[in-house]
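# Fold and contact review
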Amino acid sequence: MYDRFIETVNDLISSYTPLFVSPPPKSSSPNLLRRLRRIRGAAAKILKSNQHHSPRLSRLLSKQKALFKLHQKRTSAFERLVLTNHNSRAAKTLVRRRLKANPSTHPISINDRKRSAREPLLIGVFNPQNTVWTPVGRMPNPKRNYAVASNKTQIFIVGGMNNGSCLQNVEMYDKDKNLRRNCNEMKHGRTRASAGFRNGKMYVAGGYNSTYMSSVEILDPDRGDWKDGPPLQRPRADGAVISCNGDLYILGGFNGKEYEEKIEKLNVAVQKFEIVGEMQGSRAGFAACAFRGRIYVAGGWSSACNTLRSVRSYDPMINSWKDEPSLNKDRKYFTLHATTKHIYAIRGCAHSWSLINEVEKYDPDTKKWEVISCTGASPAQNTF
């Protein structure tokens, strides 16, 4: 029951958005969100100490139920306003604010991560609202085994390998401006690195360049400059960099001898990566995303002769894993994208490295992955 309690609080925090046109009163939306976060933190501490029948935990559960009713009341008011007077200025403002507060529902740029450098990189846009995939164009520079990271309207293609050389190159495509440009190069060439964003900064971690790497570089996209970040505790390639609940995590990958089990988290206060848990069955080349307070990992491989479809989720608050429903297809080097309601497994490669065009959608209510019809134009042939 209490595991479900934590999940419900995470659901509320991830889906809650202010429902007011004018600045909300002091006791309204921001306060509600802070109270939900305090409840989750207090409950996690109690669960960590194995006091599952604590009277305090029961009181927290009662508070959470009361806040849940308040959340439902406000959500219903929002829906009534939109449905009954959808052309009003207030209704339109509310819709704009909800979309702005939930950018995960906006179209996202996707970069196919094929292993071959002979085929130009294909950039496309996936729209979760109508499940339309639209090819946009091909990147001009051949490479393979590069990292990919998205931030708002931009997608970054980082490092990789071409003609036996590990690349320092970084390219960016902005879907709103339909613009591709070269960014400043990294300090170190690296292939099979991992990349992700936290607070508007891109972290590029690990990878390979004649040896497995533990170094981290940080890009400020606004200024365009790179700086050295704190190194990882464990070198790794083909892992994942994920921001969840405001923290940055490094998971999985291969360290040259074995699939890396240690999970690392950036301690911002001391600027150091610290080991905070284990994968309990690691993998490489997988996709990951944050969804309702948990980190989901899917697909990838756990040996040189397999490709996985299994999915697991990690709760950083209580350092625990649980098995989730598996994908319908084995996938690696693909994108896992979460909205407030669903998770999408987008494109990627099969075991033979052939391209997968299908998209799968996970519904947490039915606990099933569904292969969805992803319509769109024929592959784009233009090069940026």
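The following paragraphs examine the structure supplied in this document. Think of each chain on its own: its residues are numbered from 1, step by step along the sequence as written. The predicted origin of the model limits local features to residues at a pLDDT of at least 70 and limits the giving and counting of side-chain atom pairs to 80 or more, whereas totals for whole chains, interfaces and linings rest on all residues. Derived side-chain values reflect all non-hydrogen atoms in the structure, with water molecules and hydrogen atoms excluded from consideration.

Once that is clear, we can look at the sheet that holds strand β18 (residues 287–291). Note: two strands are recorded as paired if DSSP finds a minimum of 2 bridges between them. The way it works is that DSSP assigns letters per residue, a run of H or I at least four long becomes a helix, a run of E at least two long becomes a strand, and they are numbered from the N terminus. The strand order β18-β19-β20-β21 describes an open sheet built from four strands, whose pairing is antiparallel. The open sheet has two edge strands, β18 and β21 (320–324), and neither has a second partner. Ignoring strand direction, the axes of neighbouring strands in this sheet form an average angle of 25 degrees. Two elements, strand β19 (residues 294–298) and strand β20 (residues 311–315), share four bridges in a ladder whose sense is antiparallel. Helix axes are fitted to C-alpha atoms over the stretch in contact, other axes to C-alpha atoms as well, and angles between N-to-C directions run from 0 to 180 degrees.

Aromatic pairs are defined between Phe, Tyr and Trp rings, using the six-membered ring for Trp, whenever the two ring centres lie within 6.5 Å; interplanar angles under 30 degrees are classed as stacked, those over 60 as edge-to-face, and all others as tilted. This model, assessed by the stated rule, comprises 12 aromatic pairs. Ring centres 5.7 Å apart and planes at 50 degrees place the aromatic pair F156 and F197 in the tilted group. You can see F156 sitting in strand β5 (residues 154–158) and its partner F197 sitting in strand β10 (residues 194–198), a full 41 residues away along the chain. Of the two residues examined, F156 and F197, each falls in the buried class. Between F291 and Y296, the ring centres sit 5.7 Å apart and the planes meet at 75 degrees, which makes this aromatic pair edge-to-face. No difference in accessibility class separates F291 from Y296, as the two residues are buried. Look at NZ for Lys and CZ for Arg. If either is within 6 Å of the ring centre and within 35 degrees of the ring normal, a charge sits over the ring. In this structure, K332 is placed above the aromatic ring of W353, and the distance from its NZ or CZ to the ring centre is 4.1 Å. The cut-offs for exposure are 20% and 50% of the maximum accessible area for each residue type, with area from a 1.4 Å probe on protein chains only; residues under the lower value are buried, those over the upper are exposed, and the others partly exposed.

Taken in spatial order, the four strands line up as β22-β23-β24-β25 in an open sheet, and their pairing is antiparallel. With one partner strand each, in any of the chains shown, β22 (335–338) and β25 (368–372) form the two edges of the open sheet. Ignoring which end each strand starts from, the neighbouring axes of this sheet average 25 degrees apart. Across four bridges, strand β23 (residues 343–346) lies against strand β24 (residues 359–363) in antiparallel orientation. In the strand pairing of β24, Y344 is matched with K361.

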